[in-house]
Amino acid sequence: VAYNGTNTFVAITSTAALPSYSSTDGISWTASGTTLATGAPRSLPTNGSGTWVMGTSVGSVYYSTNNGSTWTAASISGASVTNYVEYVNGYFYVFGTGAYHFSTDGINWAPLSASLVGNFAYGSGVINNILFIPDANNRLMAIKTPASEGYFCNFKGATIGTITDVAYGNNTYAAVGTPGTSSGPAIIWYSTDGYTFFAVKLPFTGINSNPYINAVS
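To start, this report covers the structure provided alongside it. (Residues numbered from 1 in each chain as written. Predicted model: local features only at pLDDT ≥ 70, side-chain atom pairs only at ≥ 80, totals over all residues. Heavy atoms only, no water.)

1. Points about the overall build of the protein chain
To keep it simple, the criterion reads: For the purposes of this entry, the term helix denotes a DSSP run of H or I that reaches at least four residues, the term strand denotes a run of E that reaches at least two, and both are numbered from the N terminus. Partly exposed residues are those whose accessible area sits between 20% and 50% of the maximum for their type, while under 20% is buried and over 50% is exposed, using a 1.4 Å probe and protein chains only. Per-residue and other accessible areas follow the Shrake-Rupley method at a 1.4 Å probe size, with only the shown protein chains counted as cover for residues.
When helices and strands are counted, the protein chain shows zero helices and 20 strands. Within the protein chain, the fraction of its 217 residues that count as buried is 44%. If you sum the accessible surface of the protein chain, you get close to 10000 Å²; carbon and sulfur atoms cover 49% of it.

Next up, the structure:
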């Protein structure tokens, strides 16, 4: 379920066979007039002005320009899974298997710069107006605009594994996840610019297995 910031909640189900639902008060809900042709619904961002985009378990996304009353499929060229969709700084982004695209309206999609393409197997999130996307190649991509300000973050002080979460507060970014080695202390990475992250090693004791930090907020 998501809220557009002004007057509408939209909720999606776990199967294509059921409609989405919208509400202005969270109490009374109205079913949409369409169901998905195929694929299970996934993420659900909105631009706050009536347009919503729904990620799916297949290669299409669905968009609505009337706060979820009806949905229309939009094809993503080369994509077979479009699990993760986000909205930041005037752009929708979709990531998944073969999906690394952006759109200003949720209808027409273009691929990101080739230098930003990764194997995006994990979730994504908007932190301090930066879209962070962990990938399966032990990298963390950050995007401010589709091509001119996208980059892979730089990690120093320890070998990076899989990044699972990022948070921001007190002018500092914090990232956590699995370490890049099979043994050693748990690590929290910090950054003041959202680009270069430095390792802080936590001296856990009395734990036989290899510990790591899974979430941060």
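2. Notes on the sheet that holds strand β9 (residues 91-96)
Defined as follows: At least two bridges found by DSSP between two strands is the condition for calling them paired.
Pairing within the open sheet is antiparallel, and its four strands lie in the order β8-β9-β10-β11. The open sheet has two free edges, formed respectively by β8 (84-88) and β11 (110-111), since each of these has just one partner strand. Bridge count for β8 against β9 is five bridges, and the pairing is antiparallel. Counterpart to E86 in the pairing with β9 is Y93.

3. Let's talk about the environment of I213
On the secondary structure map, I213 appears in the segment after β20 (196-202). By relative accessible area, I213 is classed as buried at 16%. Linking I213 and A186, residues 27 residues apart in sequence, is a C-alpha distance of 6.3 Å.

4. With respect to unusual backbone geometry
In this model, N67 sits at a positive phi of 55°, which is unusual for a non-glycine residue. Along the chain, N67 falls in the loop between β6 (60-64) and β7 (72-75). One non-glycine residue with positive phi stands out, namely N171, at about 65°. Tracing the sequence through the fold places N171 in the loop between β17 (160-169) and β18 (172-179). For N171, a relative accessible area of 55% gives the class exposed.

5. A closer look at a nonpolar patch on the surface
What counts, and what does not: Patch definition: residues above 30% relative accessible area lacking any salt bridge, with like charges linked at up to 9 Å and the nonpolar side chains Val, Leu, Ile, Met, Phe, Trp and Tyr linked at up to 5 Å. Salt bridges are counted wherever a side-chain nitrogen of Lys or Arg sits within 4 Å of a carboxyl oxygen of Asp or Glu.
On the surface, a cluster of nonpolar side chains totalling about 310 Å² of accessible area is made up of V1, Y21 and W29. Within the element layout of this structure, V1 appears in the segment before β1 (2-3). Its relative accessible area of 73% is what places V1 among the exposed residues.

6. A look at the packing of aromatic side chains
Inclusion rule: Between 30 and 60 degrees the pair is tilted, below 30 it is stacked and above 60 it is edge-to-face, where a pair is any two Phe, Tyr or Trp rings, Trp via its six-membered ring, whose centres lie within 6.5 Å.
Enumeration according to the criterion identifies twelve aromatic pairs in this entry. For the ring pair Y3 and F9, a centre distance of 4.7 Å and an interplane angle of 40° mean the geometry is tilted. Their ring planes at 50° and their centres at 4.5 Å tell us that Y168 and Y173 sit as a pair that is tilted. Residue Y168 is classed as partly exposed on the basis of its relative accessible area of 34%. By relative accessible area, which is 4% here, Y173 ends up buried. Taken together, the ring pairs connect Y91, Y93, F95 and F102 into an aromatic cluster.

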